[in-house]
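# Remarks on the overall topology
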Amino acid sequence: MVEVTVIYLVLKCEARCFEIAATSSFTQAHIASAAVYKAKDRETGWTVAVKKIYLSQQLYKEDVITELLVLREIKHPNVISYLDSYLIGDELWASNHGIFGNRLFDNVLTKTRLSEHDISAICKEVLQGIQYLHVNNVIHRDIKSQNILVGMDWSIKLADFGLCAVITSQESKRTSTAGTPYWMAPEIVKKKKYGCEVDIWSLGITVIEMIQGEPPYCNEDPPHAKNGKPDIKGKDNISLVFQDFLEKCLQVDVRKRYTASELLKSNLSESPAGIT
């Protein structure tokens, strides 16, 4: 993240205006081939995220279109809300409502260690978002702390659908390699056919990340999911409820891996909501 100083900048896209940096500075987050700005929708007054995508730098432009089409259709409290998109030359500008805090990684994991109560509350919100996606035949494929947004009121939203995939009755499984290596499910690493179960594995790794402050094997070269279920440092200090939850998420055999709906019925997600 870098702080960029500007005097005043207004992005005009057809009938909509986004005021980027009403004050003298704004935060611009650079990712692989795009930039994300915190902005104000001048029509509604909402604080939004405006993502500028450099189409010329996209190897797979169809992924960009898939992301926008998916976000346009899904509506859930635990998923970022799509507003609109505009093509300006070689740049595609897409706006989302609900960017009102920071990423879980930036806001929490780099500052303090979370309690099990906190992790339970976050997991419940994330699972609700994942369950909604899976019911609507969408695989996120990149669940991790960097893609979980935390609001100022500690509400939780899933973000960054750049690697998402839509499954159909004709194509219920995928084979393409997608995701972030340390969070990838074994079936993706081994280039097997896979479905929605990969998001549950990634959530399990994210829980370990929240417990330990980092994903398993983060100081070694990925991928490691080929080796099966990762070891957990200080496992004896983790409650049996959490150990059971991780056991359900990190089953190498996808037939034994729990679904989001099943995990929402577990003891972990029944913990009182709200971050302490």
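Please refer to the structure higher up on the page.
Summarised in this report is the structure supplied together with it. (Residues numbered from 1 in each chain as written. Predicted model: local features only at pLDDT ≥ 70, side-chain atom pairs only at ≥ 80, totals over all residues. Heavy atoms only, no water.)

### A few points about the side chain of Gln 251
Basically, it comes down to this: Numbering of helices and strands runs from the N terminus; a helix is a DSSP stretch of H or I covering at least four residues, while a strand is a stretch of E covering at least two. Classification of residues uses two cut-offs on accessible area relative to the type maximum, computed with a 1.4 Å probe and protein chains only: under 20% is buried, over 50% is exposed, and between them is partly exposed. Distance and chemistry together define a polar contact, namely a pair of N or O atoms within 3.5 Å, with one atom able to donate a hydrogen and the other to accept it when in protein, and with adjacent residues in sequence counting only for side-chain atoms on both sides. When checking whether two residues touch, look at their non-hydrogen atoms; a contact exists if any pair is within 4.5 Å.
Considering the arrangement of structural elements, one finds Gln 251 in the loop between helix 6 (240-249) and helix 7 (260-263). On the accessibility criterion, Gln 251 (16% relative accessible area) is buried. Among the polar contacts made by the side chain of Gln 251, one reaches the main-chain carbonyl oxygen of Glu 247 at a distance of 3.1 Å. Residues in contact with Gln 251, not counting those within four places in the same chain, are Trp 201, Lys 229, Lys 256 and Arg 257.

### Considering helix 3 (residues 116-135)
Residues lying three or four places apart along an α-helix face the same way, a consequence of the helix completing one turn every 3.6 residues. Stated precisely, the cut-off is as follows: What a helix should span is 1.5 Å times the count of its residues minus one.
Taking 1.5 Å per residue as the helical rise, helix 3 with its 20 residues ought to reach 28 Å, and the 28 Å between its terminal C-alpha atoms agrees with that figure. Within helix 3, 14 of the 20 residues are buried, leaving the element largely enclosed by the surrounding structure. Asn 137 lies just past helix 3 and shows a positive phi near 65 degrees.

### Some words on the environment of Gly 89
Relative to the assigned elements, Gly 89 resides in the loop between strand 7 (81-88) and strand 8 (91-97). Taking the C-alpha atoms as reference, Gly 89 lies 9.4 Å from Leu 55; in sequence the two are 34 residues apart.

### What to know about the pattern of salt bridges
Keep this limit in mind: Definition used for salt bridges: Asp or Glu carboxyl oxygen within 4 Å of a side-chain nitrogen of Lys or Arg.
Scanning the model with the defined rule gives six salt bridges in all. Between Asp 142 and Lys 144 there is a salt bridge whose closest N-O contact spans 3.9 Å. Given a relative accessible area of 8%, Asp 142 falls into the buried group. A salt bridge links Asp 253 to Arg 255; its shortest N-O distance comes to 3.0 Å. Taking the relative accessible area as the measure of exposure, Asp 253 reaches 24% and is therefore partly exposed. On the basis of relative accessible area, Arg 255 is assigned to the exposed category, the value being 74%.

### A closer look at the packing of aromatic side chains
For clarity, the threshold we go by: In this scheme Phe, Tyr and Trp rings, the latter by its six-membered ring, pair at centre separations within 6.5 Å, and the angle between planes marks the pair as stacked below 30 degrees, edge-to-face above 60, and tilted otherwise. The rule for a charge over a ring is simple: NZ of Lys or CZ of Arg within 6 Å of the ring centre, and within 35 degrees of the ring normal.
Under the defined criterion, the tally for this structure stands at one aromatic pair. For the pair Tyr 182 and Trp 183, a centre-to-centre distance of 6.3 Å together with 75 degrees between the ring planes defines the contact as edge-to-face. Given the relative accessible area of 22%, Tyr 182 is considered partly exposed. The lysine or arginine in question, Lys 144, covers the ring of Trp 183, its NZ or CZ lying 5.8 Å from the ring centre.

### Points about the nonpolar core
This is how the line gets drawn: Throughout, nonpolar core names a set of buried Ala, Val, Leu, Ile, Met, Phe, Trp, Tyr and Cys residues whose side chains join them through atoms within 4.5 Å.
Core analysis: the largest hydrophobic core is formed by 60 residues, its most contacted members being Phe 161, Val 207 and Phe 245. Of all the elements, helix 5 (residues 197-212) adds the most residues to this core, at nine residues. Contacts of Phe 245, omitting those with residues within four sequence positions, involve Cys 123, Leu 127, Leu 203, Val 207, Leu 263, Ser 266 and Leu 268. In this structure, Tyr 37, Ala 39, Val 50 and Trp 93 belong to the second largest nonpolar core, which totals six residues.

### Digging into helix 5
In this model helix 5 runs 23 Å from its N-terminal to its C-terminal C-alpha over 16 residues, within 8% of the 22 Å that 1.5 Å per residue would give. With 15 of 16 residues buried, helix 5 lies mostly within the body of the structure. Once helix 5 finishes, Gly 213 follows within two positions and takes phi at roughly 90 degrees, a positive value.

### Here we look at empty space enclosed by the protein
To be explicit about the condition: A cavity here means a set of 1 Å grid points, computed over protein atoms only, where a 1.4 Å probe fits but cannot escape. A pocket is an open set with protein on both sides within 12 Å along at least 5 of 7 lines, and lining residues have an atom within 4 Å of a point. Grid points are joined across faces, edges and corners, and a volume is the space filled by probe spheres set on the points. Any residue that is not Ala, Val, Leu, Ile, Met, Phe, Trp, Tyr, Cys, Pro, Asp, Glu, Lys or Arg is counted as polar, Gly included; the first ten are nonpolar and the last four charged.
Evaluation of the coordinates by the stated rule reveals two cavities of 30 Å³ or more. Space inside the second largest cavity adds up to approximately 50 Å³. For the second largest cavity, the lining is made up of 13 residues, of which Arg 141, Asp 142, Trp 183, Met 184 and Ser 202 are closest to its centre. The leading source of residues in the lining of the second largest cavity is helix 5, at three residues. Considering only residue class, the lining of the second largest cavity consists of seven nonpolar, three polar and three charged.

### Comments concerning the pairing of strand 6 (residues 47-54)
We apply this condition: When DSSP finds two or more bridges between a pair of strands, those strands are recorded as paired.
Of all eight residues in strand 6, six are buried; the element is thus mostly enclosed. In the sheet, strand 6 pairs with strand 8 via seven bridges, with the strands oriented antiparallel. Bridged to Ile 53 within strand 8 is Leu 92.

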